[in-house]
Amino acid sequence: MALTVGARLGPYEILSALGAGGMGEVYRARDTTLGRHVAIKILPPAVSADPGRRARFEREARLLAALNHPHIGGIYGVEDCDGAPALVLELVQGDTLAGRLLEGPLPVKEALPIAQQIADALDAAHEKGITHRDLKPSNIQITHAGTVKVLDFGLAKAASSDVSERDLTQSPTVTISGTGGGVILGTAAYMSPEQARGQAVDKRTDIWAFGCVVYEMLTGQAVFAGSTVSDTIAAILGREPEWSALPSATPTPIRRLLHRCMEKDATRRLRDIGDARVEIDDVLAGTPEEIGQGPVARRVPIWRRALQLSFAALAGAAAATTMMWATVRPSATRVLKMTVSPSSSAALSIGGSDRDISVTPDGTRIVYIGNSATQLFVRSLTQFEPAALLSASRTLSGVFTSSDGDWIGFVEGTNTLRKVATTGGPAITLLTMDGNSLGAVWGTDNRIVFATANEATGLQRVPAEPGAAAEVLSTPEPNRGEADHLWPEILPNGRGVLFTITAASGGLDNAQIAVLDPSTRTIKTILRGGHDARYVRSGHLVYAANNALRAVAFDLDRLEVRGTPVPAVPRLVTTTAGAADFAMAADGTLVYVDAPIEATGLVPVWVDRQGHETSSGAPPGSYQYPRLIPNGEGIALNMSGGQSGGWVWDLFRSTLRPQPGDQANPVWSADGARVVFASRRDGGGVNLYLQDANGSGVPERLTESPNTHVPTSITPDGRSVVFHEIMPAGDRDLRLVSLLRSRKSGPSEALIATPFDERNGIVSPDGRWLAYESDKSGQLEIYVRPFPGVDDGEWRVSTGGGRQPVWTRNGNELFYVARDGSLLTVSVESRGSAWSTGALQKLLDNRYFSGGGVPRQYDVAPDGQRLLVLKQAGDHGSPQIFVVLNWHEELKRLVPTN
């Protein structure tokens, strides 16, 4: 049935028609409950008219709804439309691959990442026992950001009857237009031989279709195309593909992969689509020539699957692991790639501003921050499990190792520089830095060179002993467009300190890599457009650019790069401030954290109390501190790096737009009319400003202090704002400032000011209670006090650690993040001055980003039934650490230095 614009289907309002086809009519609609846009697909009458097919369809739809994957178009639900089943689907903005192919074949370097994402989607579905059965270019959507979404998973099977699997004319995807003279049939051209014969099919039919799609991307023509159904089927059953049509730049492994995918005998066909994804991964990890950007198409010789040893796959006793290590380690010529998958109790933490991973100089031990940035782990490559070196009440970041490998440096909180022996023991405080840490390196002279977010100082140096004073080595020059000096690395033989000069505008694209001579304090720029560089003793410079790792030959004596940089690692996690999560050992071992192919960074998602996840539609980015705008139209976010500042994801228009000025950490009044935010717009410290929420008027400055102020809550009556102030010693105090007085009036008043860390204060909806976090017990816990009389009692809410509290709209519940990163809730009840809590309930596990930062990294919907959280883009679990042995040998091959 046709739906008109403005019609309602349950909570969905029809906005426009999107198209129609063999699988039904498709409409764009707005979910009036959740405030998002969706696609509504009304299935053909043949499905609703047959009770058996309809029941089968609904069973299949429930199964398909479990496919939560970044490259699979999601199914949100099933509605009834006058007796016809209607699917509620993720609305994917972009063009179909079929539309893109109308312009001609794709270059190899463009086709392979698309093929990789298609294979990733099929692999995820096959693991759940779901076969697509109708993979074709028109079912593959490419978003404007380049992300692939495979649509209509399993719907051909779901909508078909048992007869339709044996009778081609009943297939819901074979249309009569395909039987007309001179018309190239769409779907039938991608059927496997067994599917065309009406035989039983399994995941291998998807592998065949995958080969057909990749062939068409590379050649611009369907591999089996006929003017009639009979001609097409005859070609599938009897003719070999025209392999000579493949472009000459097609890499040999891809040619071989296509042959295996399109074996007519299913028993000889590629057995697993995951193998295809690995093959493409390897090709994409090669040189530009190997990816098809140059005239030579060589076989990629690096990191073959036979050498891709995974520690998770090395079952057996520790002695077996030691034997493996003793066998492969002495080889100085074989390049071996291994994956370390930390367990959930020791999961790697990523997403902060500083580096999360390091490696000892001898390449035998990996050091990383884990367990929601509260623990420091050491993983010996001869052991199955990491050892927890220390636990902290405050977040950890910025890990690095001493030049002899005996010590590990790290930052606790935001600016406390500490060290601990690699073998364990007590941590030793070295220095309270003058700002948030943004990189540190330990020299052979037992001095540490470090950088902070204090733009008044650049690189600094301090002896690695308690109580020593730091000396300033460099100072950014704003008149030359410099913002800061970050990410120091010490070059060998006293050649200087390698570091990054960030730009005042243009983000990381305008960053420069430079060398500082500490003795003369002179600076020489050696490369532009990169950041976080390291020197490799093979004579190379490796650095981060566009979320990848690039390499270039480097003359250490002349301090000059030679030749053209080339891709060395195609995907790399980059922190919000531009640090790259990789480390190099002196022996040539590379350790890094891989990033998803579609994007790096985080995505805001909705998760209900049952753990069901729904996309917000926002593209991946370096997001922080998501907040729901009270009018329900969008999500306010902060971003760092090249898109720093405040942004809004418009839920209705599906657009990302910048906030005016440099608004950070916004909080709204209860009526949504006014917003308080943090900014440095008038110079000096980061202070508070008040403005109308619609952006009108000039922002009014509320506080004036050299210290950083972070707003966390406006009182329900709209008269005051609670914020925490970062004190010079690094601790935080809770303060209150009126929103009624003028800019020239007196200072704010203290709510809780102690030597401990009190932060993230948030007032209850009835205005009677203040929830906040404090580390006075030795670790961060959630407390509640009466408000505003905070001296009239105190109750501890959390047990075993807690951070980032937030109330539900009715005030009957309090959410907070546990020490392990999971999200908990507790019911609360207050009568007069009495306070009590119910049992704790765990809502979400720690796979979502609760963040190492101080402000809250999630928000709660007004009804209290859904949570807005950040999730690693393309995340399928805990991040993995990759270890490449003898990587310097691979660098020599990629970038010859002679």
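Scoring rules and cut-offs
Residues numbered from 1 in each chain as written. Predicted model: local features only at pLDDT ≥ 70, side-chain atom pairs only at ≥ 80, totals over all residues. Heavy atoms only, no water. Helix = DSSP H or I, 4+ residues; strand = E, 2+ residues; numbered from the N terminus. Buried < 20%, exposed > 50% of the residue type's maximum accessible area, 1.4 Å probe, protein only. Contact = heavy atoms within 4.5 Å. Areas by Shrake-Rupley, 256 points an atom, 1.4 Å probe, with all protein chains shown as cover. Pairing = 2+ DSSP bridges. Axes fitted to C-alpha atoms, helices over the stretch in contact; angles between N-to-C directions. Core = buried A, V, L, I, M, F, W, Y, C linked by side-chain atoms within 4.5 Å. 1 Å grid on protein atoms, 1.4 Å probe; cavity = no way out; pocket = protein on both sides within 12 Å on 5 of 7 lines; lining within 4 Å. Points joined across faces, edges and corners; volume = space filled by probe spheres on them. Nonpolar A, V, L, I, M, F, W, Y, C, P; charged D, E, K, R; others polar. Phe/Tyr/Trp six-rings, centres within 6.5 Å; stacked < 30°, edge-to-face > 60°. Lys NZ or Arg CZ within 6 Å of the ring centre and 35° of its normal. Polar contact = N/O pair within 3.5 Å; in protein donor to acceptor, adjacent residues only side chain to side chain. Salt bridge = Lys/Arg side-chain N within 4 Å of Asp/Glu carboxyl O. pLDDT = per-residue confidence, 0-100. Parallel < 35°, antiparallel > 145°, perpendicular 65-115°, else oblique. Left-handed = near helix turned anticlockwise from the far one by under 90°.

**A closer look at the overall build of the protein chain**
Check the secondary structure of the protein chain and you find 13 helices and 58 strands. Buried residues in the protein chain amount to 59% of all 898 residues. Taking all contacts inside the protein chain whose residues are at least 6 apart in sequence as the whole, residues at least 24 apart take part in 50%. Accessible surface computed for the protein chain: about 34300 Å², of which carbon and sulfur atoms make up 49%.

**A closer look at the sheet that holds strand β26 (residues 512-517)**
The strand order across the open sheet formed by four strands is β24-β25-β26-β27, and the pairing between neighbours is antiparallel. Every interior strand has two partners, whereas the edge strands, β24 (482-490) and β27 (522-528), have only one. Taken over all neighbouring pairs, the strand axes of this sheet differ in orientation by 30 degrees on average, direction set aside. Alignment of β26 against β27, held across six bridges, turns out to be antiparallel. Paired with Ile 513 across the two strands is Leu 527, which belongs to β27.

**Quick look at the nonpolar core**
Core analysis: the biggest nonpolar cluster contains 53 residues, and Ile 118, Leu 135, Phe 153, Phe 210 and Met 217 have the highest contact counts within it. Contributing elements (two or more residues each) for this core: α3 (97-101), α4 (108-127), β8 (140-142), β9 (148-150), α7 (203-219), α8 (229-238), α9 (252-261) and α10 (273-284). With near-sequence residues (within four places) excluded, Phe 210 lies in contact with Ala 115, Ile 118, Ala 119, Leu 122, Leu 135, Cys 261, Ile 273, Ala 276 and Ile 280. Residues Val 797, Ala 818, Val 826 and Val 828 belong to the second largest nonpolar core, which totals 29 residues.

**Considerations on the pairing of strand β4 (residues 36-42)**
Burial runs high along β4: seven of the seven residues are buried. The side-chain alternation of β4 yields two buried faces, one formed by Arg 36, Val 38, Ile 40 and Ile 42 and the other by His 37, Ala 39 and Lys 41. Of the pairings in the sheet, the one linking β4 to strand β6 (residues 84-90) comprises five bridges and is antiparallel in character. The residue of β6 that forms the bridge with Val 38 is Glu 90.

**Some remarks on empty space enclosed by the protein**
All told, the structure shown has eight cavities of 30 Å³ or more when counted by the stated rule. Counted as a void, the second largest cavity has a volume near 80 Å³. For the second largest cavity, the full set of lining residues is Thr 374, Ala 392, Ser 393, Arg 394, Thr 395, Gln 779, Leu 780, Gly 801, Gly 802, Arg 803 and Arg 819. Class assignment of the residues belonging to the lining of the second largest cavity gives a composition of two nonpolar, six polar and three charged.

**Remarks on the pairing of strand β5 (residues 75-81)**
Of the strand pairs in this sheet, β5 and β6 are connected by six bridges, and their pairing is antiparallel. Among the inter-strand pairings, Asp 80 is bridged to a residue of β6, identified as Pro 85. Following β5, the chain reverses through two residues before pairing antiparallel with β6; Asp 82 in that reversal takes a positive phi of roughly 50 degrees.

**Topic: the sheet that holds strand β47 (residues 749-752)**
Pairing in this open sheet of four strands is antiparallel, and the strands run β44-β45-β46-β47 from one edge to the other. The two strands at the open ends of the sheet, each matched to only one other strand, are β44 (709-714) and β47. Across the sheet, the mean angle separating the axes of adjacent strands is 35 degrees when strand polarity is ignored. In this sheet, strand β45 (residues 720-726) lies alongside β44 in antiparallel orientation, the contact comprising five bridges. Residue pairing in the sheet places Pro 711 in a bridge with Phe 723 of β45.

**Focus on the packing of aromatic side chains**
A ring pair, where both rings are aromatic, is described by two values, the distance of the centres and the angle of the planes. Following the criterion strictly, the structure yields nine aromatic pairs and no others. Pairing Phe 400 with Trp 442 gives two aromatic rings, centres 6.0 Å apart and planes at 55 degrees, and the pair type is tilted. On the criterion of sequence distance, the pair formed by Phe 400 in strand β16 (residues 396-401) and Trp 442 in strand β20 (residues 437-442) is long-range, its members being 42 residues apart. Neither residue differs from the other here; Phe 400 and Trp 442 are each classed as buried. With a centroid separation of 5.4 Å and 15 degrees between ring planes, the pair formed by Tyr 592 and Phe 882 is classed as stacked. Taken together, the residues Tyr 592 in strand β33 (residues 590-593) and Phe 882 in strand β58 (residues 881-885) connect sequence positions 290 residues apart. Both residues of the pair, Tyr 592 and Phe 882, count as buried. Above the face of the Tyr 783 ring, Lys 776 is positioned so that its terminal group lies 5.0 Å from the ring centre.

**So, unusual backbone geometry**
Residue Phe 787 is joined to Pro 788 through a cis peptide bond whose omega torsion reads 5 degrees. Among the structural elements, Pro 788 can be located in the loop between β50 (781-786) and β51 (795-796). With a phi angle near 55 degrees, Tyr 625 is a residue other than glycine that sits in the positive phi range. Relative to the assigned elements, Tyr 625 resides in strand β36 (residues 623-628). A positive phi angle is found at Asn 760, which is not glycine, with a value near 55 degrees. The topology assignment puts Asn 760 in strand β48 (residues 758-763).

**Things to note about the side chain of Glu 412**
Note that Glu 412 resides in strand β17 (residues 407-412). In this structure Glu 412 touches Ala 392, Ser 393, Arg 394, Thr 395, Leu 396 and Arg 418, once residues within four positions along its chain are discounted.

**Focus: the environment of Glu 725**
Examined against the element boundaries, Glu 725 turns out to sit in strand β45. Ignoring any residue separated from it by four or fewer positions in sequence, one finds Glu 725 in contact with Ser 705, Asn 707, Thr 708, His 709, Asp 731, Arg 732, Asp 733 and Arg 735. Among the polar contacts made by the side chain of Glu 725, one reaches the side chain of Asn 707 at a distance of 3.0 Å. Here His 709 takes part through its side chain, which lies 3.1 Å from a polar atom of the side chain of Glu 725.

**Structural notes on the pattern of salt bridges**
Counted under the stated rule, the structure contains 35 salt bridges. Notably, a salt bridge pairs Glu 560 with Lys 524, separated by 3.9 Å at the nearest N-O pair. Placement of the pair is Glu 560 in strand β31 (residues 560-569) and Lys 524 in strand β27, with a sequence separation of 36 residues. Since its relative accessible area comes to 33%, Lys 524 is described here as partly exposed. Between Lys 776 and Glu 794 there is a salt bridge, with its nearest N and O atoms 2.6 Å apart. Placement of Lys 776 in the loop between β49 (769-774) and β50 and of Glu 794 in the loop between β50 and β51 is noted, with a sequence separation of 18 residues between them. Judged by relative accessible area, Lys 776 falls into the partly exposed class, the value being 34%. Overlapping salt bridges bring together Asp 445, Arg 447, Arg 461, Glu 471 and Arg 521 as one network.

**So, the confidence of the model for the protein chain**
Per-residue confidence for the protein chain gives a mean pLDDT of 80, with 82% of residues at or over 70. Low confidence marks residues 156-186, where pLDDT is under 50. Its contacts with residues over four positions away, or in another chain, come to 61 contacts. Throughout residues 287-332 the model reports pLDDT below 50, and contacts reaching past four residues in sequence, or to other chains, amount to 107 contacts.

**What about the packing of α4 against α7?**
Think of two packed helices as two axes; the pair is described by the angle between the axes and how far apart they sit. The N-to-C vectors of α4 and α7 enclose an angle of 170 degrees; their axes lie 10 Å apart at closest approach. Considering their axes alone, α4 and α7 lie roughly antiparallel with respect to each other. Crossing of α4 over α7 shows right-handed handedness. In contact with Val 108, Ala 111, Ile 114, Ala 115, Ile 118, Ala 119, Leu 122 and His 126 of α4, α7 contributes Lys 203, Asp 206, Phe 210, Val 213, Val 214, Met 217 and Leu 218. The residue makeup of the contact of α4 with α7, split by class, is twelve nonpolar, one polar and two charged.

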